[in-house]
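Chains, contacts and geometry: an overview
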Amino acid sequence: MPKMKSHTGMGKRVKVTGRGKIVAQQAGLRHKLEKKPSTVTRRLSGTVEVAKADVKRIKKLLGR
């Protein structure tokens, strides 16, 4: 049986921390930025831990 290939697109979108948590860029910072207050865009910058409901699917795509 051949080895499973990891999903390269998912690998570019998320990062696995040293303790095994999955972090990703927060959503909502791609368009319509003129309407959003600066406080919101600052809050959305940076990475956050992925929702618990998505962790199983993402780990499968990463081959973990």
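Above: the structure in question.
What this report covers is the structure whose coordinates are included nearby.

Thresholds, definitions, all that
Residues numbered from 1 in each chain as written. Predicted model: local features only at pLDDT ≥ 70, side-chain atom pairs only at ≥ 80, totals over all residues. Heavy atoms only, no water. Core = buried A, V, L, I, M, F, W, Y, C linked by side-chain atoms within 4.5 Å. Buried < 20%, exposed > 50% of the residue type's maximum accessible area, 1.4 Å probe, protein only. Helix = DSSP H or I, 4+ residues; strand = E, 2+ residues; numbered from the N terminus. Contact = heavy atoms within 4.5 Å.

**With respect to the nonpolar core**
Ranked by size, the top nonpolar core spans seven residues in total: M10, V14, I22, A24, V50, I58 and L62. Within the residue set of this core, elements represented by two or more residues are β2 (22–25) and α3 (52–62). Here I58 is in contact with M10, V14, I22 and V50, once residues within four sequence places are set aside.

**Regarding the environment of V50**
By the secondary structure assignment, V50 is in the loop between β3 (47–49) and α3. The exposure class assigned to V50 is buried, which follows from its relative accessible area of 14%. Residue contacts for V50: discarding those within four places in its chain leaves I22, V23, A24, V55 and I58.

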